[in-house]
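Okay, here's what each chain looks like letter by letter:
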Amino acid sequence: RSAEQEARRARVRKSVLADDYLPRRARFSESPAPLVMALAMAMRAHVLTIAERAPVWVKQGFEEYAKRLAQKLPLVLTELPLGPRGKSADAKRAIADEGQRMQLAVPKQARVIALDGRGDAWSSEALAKHLAAWMQDGRDVCFLIGGPDGLAPNCLMLAHQKWSLGPLTLPHALVRIVLAEQLY
């Protein structure tokens, strides 16, 4: 091996060793194959959603797909509180507050995908290609689901990609189940 290859390998090992959830075999193997597999397995999909308390059937549906995906792509759901709504509340202020909380909850270095009606509609095949590319990239993926008034502009600007589940307006609680099913 050349000195350049050894230096590159040492940098990769150093960055990977910092993540204690990688299997021991991948951390100490001489072959790069277990390391690449471990990096892909270490990737997580985060689902950040602005929502009120979801009905039991929504939680059960999401948990079912999360359980099925646990080995290949662990799903992490984070529910953020809905901003104040009503006659006396300012809707723009509520959206801005939700956006700020959501932005703070996005994991560092994650690829951000905003679910937005104005985004690109992907077929299941296109999603599979995106997912394969994201897994090769190795970073966590974070899906943003807005509240009843959609995502805040700062969240849309933060997104690397915008994905539309189609022209229908879906209840936001149902979106997380559809997302989990499509990832499955």
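Scroll up a little and you will see the structure.
No experiment lies behind these values; they were computed from the predicted model shown.

**Quick notes on the overall build of the protein chain**
Within the protein chain, the secondary structure is distributed over eight helices and five strands. For the protein chain, the N- to C-terminal ordering of α and β elements is α-α-α-β-α-β-α-β-α-β-α-β-α. Taken across its 184 residues, the protein chain has 37% of its residues classed as buried. Partitioning the contacts of the protein chain with sequence separation of at least 6, the portion at a separation of at least 24 is 75%.

**What to know about the sheet that holds strand β4 (residues 141-145)**
An order of β2-β1-β4-β3-β5 is seen for the five strands of this open sheet, with the pairing classed as parallel. The open sheet terminates on both sides in strands that have one partner only, identified here as β2 (75-80) and β5 (161-164). In this sheet, adjacent strand axes meet at a mean angle of 30° when their direction is disregarded. Bridge count for strand β3 (residues 111-121) against β4 is five bridges, and the pairing is parallel. Counted as the bridge partner of Ala-114 is Leu-144 from β4. Packing of helix α5 (residues 91-105) onto the sheet brings it into contact with β1 (45-50), β2 and β4, and relative to β1 it is tilted by some 165°.

**Things to note about the packing of helix α4 (residues 56-69) against helix α8 (residues 172-183)**
Between α4 and α8, the least distance of the axes is 9 Å, while the angle of their chain directions is 20°. Put simply, α4 runs roughly parallel to α8. In the crossing of α4 with α8, the sense of the turn from one axis to the other is left-handed. Together, Trp-57, Val-58, Gly-61, Phe-62, Tyr-65 and Leu-69 of α4 and Ala-173, Leu-174, Arg-176, Ile-177, Ala-180, Glu-181 and Leu-183 of α8 make up the contact between the two elements. Split by residue class, the contact of α4 with α8 holds ten nonpolar, one polar and two charged.

**A look at the nonpolar core**
Nonpolar side chains in soluble globular proteins tend to end up buried together. Counting 26 residues, the largest nonpolar core has Leu-75, Trp-134, Phe-143, Trp-163, Leu-179 and Leu-183 as the members making the most contacts within it. Among the secondary structure elements, those contributing two or more residues to this core are β1, α4, β3, α6 (124-137), β4 and α8. Not counting residues within four places of it along the chain, the set of residues in contact with Leu-179 comprises Val-47, Leu-115, Phe-143, Ile-145 and Trp-163.

**Focus on empty space enclosed by the protein**
Following the criterion strictly, the structure yields one cavity of 30 Å³ or more and no others. What lines the largest cavity is simply Ile-50, Ile-95, Glu-98, Gly-99, Met-102, Gly-146, Gly-147, Gly-150, Leu-151 and Ala-152. It is α5 that provides the largest number of residues to the lining of the largest cavity, a total of four residues. Among the residues making up the lining of the largest cavity, the classes are represented as five nonpolar, four polar and one charged.

The rules behind these values
- Residues numbered from 1 in each chain as written.
- Predicted model: local features only at pLDDT ≥ 70, side-chain atom pairs only at ≥ 80, totals over all residues.
- Heavy atoms only, no water.
- Helix = DSSP H or I, 4+ residues; strand = E, 2+ residues; numbered from the N terminus.
- Buried < 20%, exposed > 50% of the residue type's maximum accessible area, 1.4 Å probe, protein only.
- Contact = heavy atoms within 4.5 Å.
- Pairing = 2+ DSSP bridges.
- Axes fitted to C-alpha atoms, helices over the stretch in contact; angles between N-to-C directions.
- Parallel < 35°, antiparallel > 145°, perpendicular 65-115°, else oblique.
- Left-handed = near helix turned anticlockwise from the far one by under 90°.
- Nonpolar A, V, L, I, M, F, W, Y, C, P; charged D, E, K, R; others polar.
- Core = buried A, V, L, I, M, F, W, Y, C linked by side-chain atoms within 4.5 Å.
- 1 Å grid on protein atoms, 1.4 Å probe; cavity = no way out; pocket = protein on both sides within 12 Å on 5 of 7 lines; lining within 4 Å.
- Points joined across faces, edges and corners; volume = space filled by probe spheres on them.

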